[in-house]
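# Overview (structure and organization)
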Amino acid sequence: MEPIEKFRQETREWLEANCPASMRTSMPEEETPWGGRNATWANPDSKVWLDRMASRGWTAPTWPREYGGGGLTKEESLVLGQEMRRIKARQPLSSFGLWMLGPALLEFANEEQKREHLPPIVRGEIRWCQGYSEPGAGSDLAGLQTKAEDKGDYYLVNGQKIWTSYADKADWIFCLVRTDTAKKHDGISFLLFDMTTPGVEARPITMISGASPFCETFFTDVKVPKKNLVGELNKGWTIAKRLLQHERDMISGMGLGSGVGSSASLEALAKDYFGEANGRVASAALREHIAKQKMDGKAFALTLQRTAEEAKAGIGTGAASSIFKYYGTELNKRRYELLLEILGTQGLGWEGEGFTEEELGVTRSWLRSKGNSIEGGTSEVQLNVVAKRVLGLPD
Amino acid sequence: MALVLTEEQQLLRDTATQFFQERVPVANLRRLRDTKEPAGFDRGAWKEMADLGFAGILISEKYGGTDFGPVGLGLVLEQAGRTLAASPLVSTVLLCGSAVQLAGSATQRQDILPAIAAGELIMALALEEGPHHNPTHIATRAVAEGSSYRISGKKTFVLDGHVADRLIVAARTSGKDDDKSGITLFLVDAKTKGVSIERTLMVDSRNAANISFDNVVVSADNVLGSVDGGTDVLDQVLDIARIGLSAELLGLVQAVFDQTVDYLKERKQFGVVIGSFQALKHRAADMFAEIELCRSVVLDALSALEARRNDVPQAASLAKARLSDTARVVTNEGLQMHGGMGMTDQFDVGLYMKRARVAAATFGDGNFHRDRYATLEGF
Ligand SMILES: Cc1cc2nc3c(=O)[nH]c(=O)nc-3n(C[C@H](O)[C@H](O)[C@H](O)COP(=O)(O)OP(=O)(O)OC[C@H]3O[C@@H](n4cnc5c(N)ncnc54)[C@H](O)[C@@H]3O)c2cc1C
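Residues numbered from 1 in each chain as written. Chains lettered and ligands numbered in written order. Predicted model: local features only at pLDDT ≥ 70, side-chain atom pairs only at ≥ 80, totals over all residues. Heavy atoms only, no water.

For chain B, an unreviewed UniProt entry supplies the name Acyl-CoA dehydrogenase and the organism Parvibaculum sedimenti. Chain B has a UniProt comment under Sequence similarities (unreviewed entry) that states "Belongs to the acyl-CoA dehydrogenase family." Its UniProt record gives chain B the following Cofactor (unreviewed entry) comment, quoted word for word: "FAD". (UniProt positions renumbered as here; feature names shortened; annotations may be inferred.)

Going by the annotation in an unreviewed UniProt entry, the name recorded for chain A is Acyl-CoA dehydrogenase, with Parvibaculum sedimenti given as the source organism. Under the UniProt heading Sequence similarities (unreviewed entry), the entry covering chain A gives this text: "Belongs to the acyl-CoA dehydrogenase family." The annotation that UniProt attaches to chain A under Cofactor (unreviewed entry) is "FAD".

Here's what the structure looks like:
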């Protein structure tokens, strides 16, 4: 047997033996396994599943073993993913540490930092948040003002971040700070610090969906040990940008229709809520919109597949990947608009009786989806990037 | 997806690129149009295309073809689309050649396929009867009389109808005008008594014709496939043509887009190049995204054909709908971004726009194929 097939067989057996039955169902929002010091487990199986996967390093399958990762090759990691999908296994851990910070640390951090921070990320012990945006620095992120002064054996951080997702629940923050006020991009550094450090305060902000996932985060004379600087002083922008790429890759996947309301297909819901005539969705106009949405979704999925295959074969320019964040998030927003049209007034409830859990979930997710084309770089900014970097149009 | 081309395919692509750029550039279409060339295409260039193996691309070696397959054909059509090359590729190779290959008897194949591959026989499919693609609305009737059939009816938008040596006619042998079954395909010599052909001058300067059949008598030997079994063959043949046209449109869209982006970097107003205006940048970037998706669906559809996947109909509709619509957007935007220059006949963008509309209307536009996709997907 080919080694990879042997790996597949062993993986399949291990997953069968170790993935709890309730982890093979679609995941309600409140069971999202964020981990961290103050983790709550709405379903105790989530914790069992996380610990078992983490013990093999399979929460971070391709990270090196020495940092707690699975040490798998790309191919093995693909197989693991396929085998997990085969039994509909949930992802064991949702984490900014895994998706964004970890890959950046692997590339830019020193040995000591990797050993300190990567293993707790893999095990879901430390939950991270992202301190990038500020009231005066959103799309123009490099205009950030939060200041870190060199005080000999520590940095003194003062300033304010905003839209910091889960700052109130996170244990640590990766934070962009200004260490040189004379230069813009070349005066930014990348700092890590504990959210329990004196002087850190996070105030939740309520979103249009009613949830409060993001915060205003204030720093008043926060002392950060010097060893927590990643990379060189004033060279944080390079790290910041690379991390944003990882963030965008994560967000782009949304266009493929994961999340609430996607277990039932658009057409099945439409037949339910509008009725059907001769096997067709009863409203011709709606039927056409659904067809368009599905066809665009299929074309987008084929483009992700094509880009991956091209990369594997070492052909193509990879230019298509520059549209993923833009196209995927706009597609996801259109999908939720369509879901709302399909559900009619049943999709416009806020809470309480008269609506199913799923209907209320669609409404809230529709509202949340509006943020997809803002977070991680707005759609307009993505188009600027394509125009400049891919098409070569001048400023 | 067939992303990594074989050596043979790479060679074919390079040959096709060079051939269309040098031998059949856009200027060639202008010449055909301006000289009112009666054939409506360049017979010399067609002969050369046959010599390069393009005409026999879907035909097996046994019948003198090159059998490069659908992916190969897609490569050729994409390049043809870039230069708006007019040729009987769609009518003769995609439609009629495929129909004979799929449904023809041994004699019919022997009779027809080598001649197509050699570029010696031009054929046309007489199918449509109204202004919208509707492959099952067939009022043209064929009535059996002993060992022959008598065909009467009117066909429209027959691609290359006025230059075809032979026709494949979709006629009804049973049922009502809109029945899916009861359609039969006939091979009819264009010179047969009762066939009258009238060329229509289309906006894209390519060939089409209205053809009427007035008690045209053909022998039963000329039935292609089985009596009343035409729909099944037509479905397959039309999907091949739709996918081929999508590949052509991909080349067309890419050419217009490239020319437009070049112009944005060149043309100055207000002391700066117009490509620095964000209103234009964002529209260009958005088109780039749509075109990347176009490329994916065309490659997937060609691969579906090549691998004989069972979702060829879905892949064909996905590709034809997306390419028809994107071609409209990109040609409109391309024209707008060229300002007054875009409105001139001297400038090519108008020619691309005209071809884009005719290719979109051929065998189903975006509306037709979204409807079909929904039906295929069971809603
Ligand atoms: C749900 C959500 C979660 C988030 N989580 C985090 C987080 O965890 N950590 C974090 O640091 N940040 C987070 N953000 C912040 C996010 O990164 C910023 O909101 C984003 O970068 C936009 O900045 P802004 O809100 O200041 O908008 P602005 O930059 O003020 O933009 C306002 C409008 O102007 C447009 N615009 C701006 N510049 C240009 C330009 N050059 N050309 C054309 N149009 C332009 C924008 O596209 C937008 O439409 C989150 C945001 C959301 C919505």
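Still to come is the rest of the account.
Turning next to the UniProt feature "domain: Acyl-CoA dehydrogenase/oxidase N-terminal" (unreviewed entry) in chain A. Residues annotated in UniProt with the feature "domain: Acyl-CoA dehydrogenase/oxidase N-terminal" (unreviewed entry) correspond here to residues 6-125 of chain A. Split by type, residues 6-125 of chain A is 52% helix and 0% strand. Its first and last C-alpha atoms lie 32 Å apart. (Helix = DSSP H or I, 4+ residues; strand = E, 2+ residues; numbered from the N terminus.)

Our focus in this paragraph is the UniProt feature "domain: Acyl-CoA oxidase/dehydrogenase middle" (unreviewed entry) in chain B. When the UniProt feature table is mapped onto this chain, "domain: Acyl-CoA oxidase/dehydrogenase middle" (unreviewed entry) is found at residues 134-216 of chain B. Across residues 134-216 of chain B, helical content stands at 0% and strand content at 58%; the span's end C-alpha atoms are separated by 23 Å.

The subject of this paragraph is the side chain of Arg166(B). Residue and element names in this part refer to chain B. Of note, Arg166 is situated in strand β4 (residues 166-172). Of note is the side chain of Arg166, whose polar atom sits 2.9 Å from the side chain of Asp111. Look past the residues within four positions of Arg166 in its chain and what remains in contact with it is Asp111, Ile112, Leu121, Ile122, Met123, Ala124, Leu187, Val188, Asp189, Ala190 and Asn222. (Polar contact = N/O pair within 3.5 Å; in protein donor to acceptor, adjacent residues only side chain to side chain. Contact = heavy atoms within 4.5 Å.)

Residue and element names in this part refer to chain B. By volume, the second largest pocket amounts to about 1000 Å³. In terms of lining residues, the second largest pocket is bounded by 32 residues, among which Asp235, Gln236, Asp239, Ile240 and Val312 are the most central. Among the elements of the structure, α4 (69-82), α5 (89-103), α7 (230-266), α8 (278-306), α9 (312-337) and α11 (366-376) are those that each provide at least two residues to the lining of the second largest pocket. Counting residues per element, the lining of the second largest pocket draws most heavily on α7, at eight residues. (1 Å grid on protein atoms, 1.4 Å probe; cavity = no way out; pocket = protein on both sides within 12 Å on 5 of 7 lines; lining within 4 Å. Points joined across faces, edges and corners; volume = space filled by probe spheres on them.)

Moving on, we get to the domain arrangement of chain B. Residues and elements named next belong to chain B. Domain annotation of chain B identifies domain 1 (7-122), domain 2 (125-229) and domain 3 (231-376). Each partner contributes residues to the interface: domain 1 has 22 residues there, and domain 3 has 29 residues. Together domain 1 and domain 3 conceal approximately 2100 Å² of surface at their shared face, both sides included; 68% is due to carbon and sulfur atoms. The tally of links from domain 1 across to domain 3 stands at five salt bridges. Note that Arg82 and Asp258 form a salt bridge whose closest N and O atoms lie 3.0 Å from each other. If you look at where domain 1 meets domain 3, you find eight residue pairs in polar contact (both at pLDDT 80 or more). (Domains from an automatic or database assignment. Buried area = accessible area lost by both parts, 1.4 Å probe. Salt bridge = Lys/Arg side-chain N within 4 Å of Asp/Glu carboxyl O.)

Residues and elements named next belong to chain B. Two elements, strand β2 (residues 141-145) and strand β3 (residues 148-159), share five bridges in a ladder whose sense is antiparallel. Considered in β3, the bridge of Ala142 is made with Ile151. Counted between consecutive antiparallel strands, the loop separating β2 from β3 contains two residues, among which Gly146 sits at a positive phi close to 60 degrees. (Pairing = 2+ DSSP bridges.)

On to the UniProt feature "domain: Acyl-CoA dehydrogenase/oxidase C-terminal" (unreviewed entry) in chain B. Here the UniProt-annotated "domain: Acyl-CoA dehydrogenase/oxidase C-terminal" (unreviewed entry) positions come out as residues 229-372 of chain B. Secondary structure across residues 229-372 of chain B divides into 78% helix and 3% strand, with the first and last C-alpha atoms of the span separated by 21 Å.

Attention shifts here to the interface of chain B and chain A. Where interface size is quoted, it is often the accessible area lost as the parts come together. Taken together, the 40 residues of chain B in the interface contact 41 residues of chain A. For the pair chain B and chain A, the summed buried surface comes to about 3400 Å²; carbon and sulfur atoms form 67% of the total. Among the ionic pairs, Arg306(A) bridges to Glu292(B), the shortest N-O distance being 2.8 Å. For the pair chain B and chain A, the interface holds 17 residue pairs in polar contact (both at pLDDT 80 or more). For the side of chain B that touches chain A, the elements supplying multiple residues, two or more each, are α7, α8, α9 and α11 of chain B. If one sorts the elements of the side of chain B that touches chain A by residue count, α8(B) sits on top with 16 residues.

All names here are of chain B. The full count for this structure, using the stated rule, is five cavities of 30 Å³ or more. In terms of lining residues, the largest cavity is bounded by 19 residues, among which Leu159, Asp160, Arg206, Asn207 and Arg355 are the most central. Going through the elements one at a time, α5, β3, β7 (207-219), α7 and α10 (349-361) are the ones with two or more residues in the lining of the largest cavity. Looking at the lining of the largest cavity residue by residue, the class counts come to nine nonpolar, five polar and five charged. Its boundaries defined by the atoms lining it, the second largest cavity holds a volume of some 70 Å³. What lines the second largest cavity is Leu95, Leu125, Leu127, Glu128, Thr156, Phe157, Val158, Leu159, Thr362 and Phe363. (Nonpolar A, V, L, I, M, F, W, Y, C, P; charged D, E, K, R; others polar.)

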